[in-house]
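Listed below, chain by chain, are the residues.
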Amino acid sequence: MKIIINGIHANLRFSAAHMIPEHESCGCIHGHSYHVDVQLEGQRSGKFGFVVDFKEVKSIVRTICKKLDHKVLIPLESPLIEFKSVKNSVEFSIDGKEYKLPLQDCVLLPLPSTSAEDLSIYFVDKLWEKLQEKGADVSVVQICVNEGIGQGAFYSRNRNCENY
Ligand SMILES: [Zn+2]
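Rules behind the numbers
Residues numbered from 1 in each chain as written. Predicted model: local features only at pLDDT ≥ 70, side-chain atom pairs only at ≥ 80, totals over all residues. Heavy atoms only, no water. Donors = N, O, S within 2.8 Å, 3.2 Å for Na, K, Ca; no water. Helix = DSSP H or I, 4+ residues; strand = E, 2+ residues; numbered from the N terminus. Buried < 20%, exposed > 50% of the residue type's maximum accessible area, 1.4 Å probe, protein only. Contact = heavy atoms within 4.5 Å. Polar contact = N/O pair within 3.5 Å; in protein donor to acceptor, adjacent residues only side chain to side chain. Expected span 1.5 Å × (residues − 1). Salt bridge = Lys/Arg side-chain N within 4 Å of Asp/Glu carboxyl O. 1 Å grid on protein atoms, 1.4 Å probe; cavity = no way out; pocket = protein on both sides within 12 Å on 5 of 7 lines; lining within 4 Å. Points joined across faces, edges and corners; volume = space filled by probe spheres on them. Nonpolar A, V, L, I, M, F, W, Y, C, P; charged D, E, K, R; others polar.

**As for the coordination of the zinc ion**
Then comes step 1: For the zinc ion, the protein coordination sphere consists of His 18 (NE2), His 30 (NE2) and His 32 (NE2), at 2.0 to 2.1 Å.
Then comes step 2: Of note, the zinc ion draws all its donor residues from one chain, in the sequence arrangement H-x11-H-x1-H. Of the two residues, His 18 is situated in strand 2 (residues 13–18) and His 30 in strand 3 (residues 30–42); the sequence distance between them amounts to 12 residues.
Then comes step 3: A relative accessible area of 22% places His 30 in the partly exposed class.

In structure tokens form, the structure reads like this:
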């Protein structure tokens, strides 16, 4: 059975700034109001016959949203960003443009990019990990990270690691 959580209605949201290095328009720092839709598949179990308690899933995803909220998202594994310092401030350059941001304004992510595509993988992996820790018997985790209303990237991970 599948459970579905709508990010707008369930308040799985965050606002953040990012840039897509060397992209014509998205290369400048800009922001989005993101919302995160979740779908989980698994066997019903336990006293209540839940796949996973909605409350538990929302709590995990909300914690991730909170970490990203009102921050500048920085992809540490970007081949297009040259990092100079990551201490009290985050200093880097992109194609000759120099940046220096206070560390507390940033979230450093182990990702090649902060596109909706890469953020959806990030959310799926984090949620998967937390559900495993809690012993939830889930066979598929799917996340859509929406950059505002009308566009998002959907990523799916299943137990057999056939990701798409
Ligand atoms: Zn953007």
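**Here we look at the environment of Glu 98**
Then comes step 1: Its place among the elements puts Glu 98 in strand 7 (residues 97–102).
Then comes step 2: Assessed through its relative accessible area of 57%, Glu 98 is described here as exposed.
Then comes step 3: Sequence spacing of Glu 98 and Lys 58 is 40 residues, and the spatial spacing of their C-alpha atoms is 38 Å.
Then comes step 4: The residues touching Glu 98, leaving out its near neighbours within four places in the chain, are Lys 84, Phe 92 and Ser 93.
Then comes step 5: At 2.6 Å, the side chain of Glu 98 and the side chain of Lys 84 are in polar contact.

**A few points about helix 2 (residues 116–133)**
Then comes step 1: The end-to-end C-alpha separation of helix 2 is 26 Å, in line with the 26 Å expected for 18 residues at 1.5 Å each.
Then comes step 2: Where helix 2 is concerned, the buried positions are Ala 116, Asp 118, Leu 119, Ser 120, Tyr 122, Phe 123, Val 124, Leu 127, Trp 128 and Leu 131.
Then comes step 3: At the C-terminal side of helix 2, Gly 135 shows a positive phi close to 75 degrees.

**Observations concerning the pattern of salt bridges**
Then comes step 1: Counting across every chain of the model gives 5 salt bridges.
Then comes step 2: One salt bridge connects Lys 130 with Glu 133, and the closest N-O pair in it is separated by 3.7 Å. Of this pair, Lys 130 and Glu 133 both sit in helix 2, 3 residues apart, roughly one helical turn.
Then comes step 3: Ionic pairing is found between Arg 159 and Asp 137, a salt bridge with its closest N-O pair at 2.6 Å. Of this pair, Arg 159 sits in the segment after strand 10 (152–158) while Asp 137 sits in the loop between helix 2 and strand 9 (138–147); the two residues are 22 residues apart in sequence, bridging distant segments of the chain.
Then comes step 4: Residue Asp 137 is classed as partly exposed on the basis of its relative accessible area, which comes to 39%.

**A short note on the layout of surface pockets**
Then comes step 1: Taken as a whole, the largest pocket spans an internal volume of roughly 180 Å³.
Then comes step 2: The wall of the largest pocket is formed by 14 residues, among which Ser 45, Phe 50, Val 51, Val 52 and Asp 53 lie closest to the centre.
Then comes step 3: Of the residues in the lining of the largest pocket, the class split is 5 nonpolar, 4 polar and 5 charged.
Then comes step 4: Empty space within the second largest pocket amounts to approximately 150 Å³.
Then comes step 5: For the second largest pocket, the full set of lining residues is Ile 60, Thr 63, Ile 64, Lys 67, Tyr 122, Lys 126, Glu 129 and Lys 130.
Then comes step 6: Listing elements by their share of the lining of the second largest pocket, those giving two or more residues are helix 1 (54–68) and helix 2.
Then comes step 7: By residue class, the composition of the lining of the second largest pocket is 3 nonpolar, 1 polar and 4 charged.

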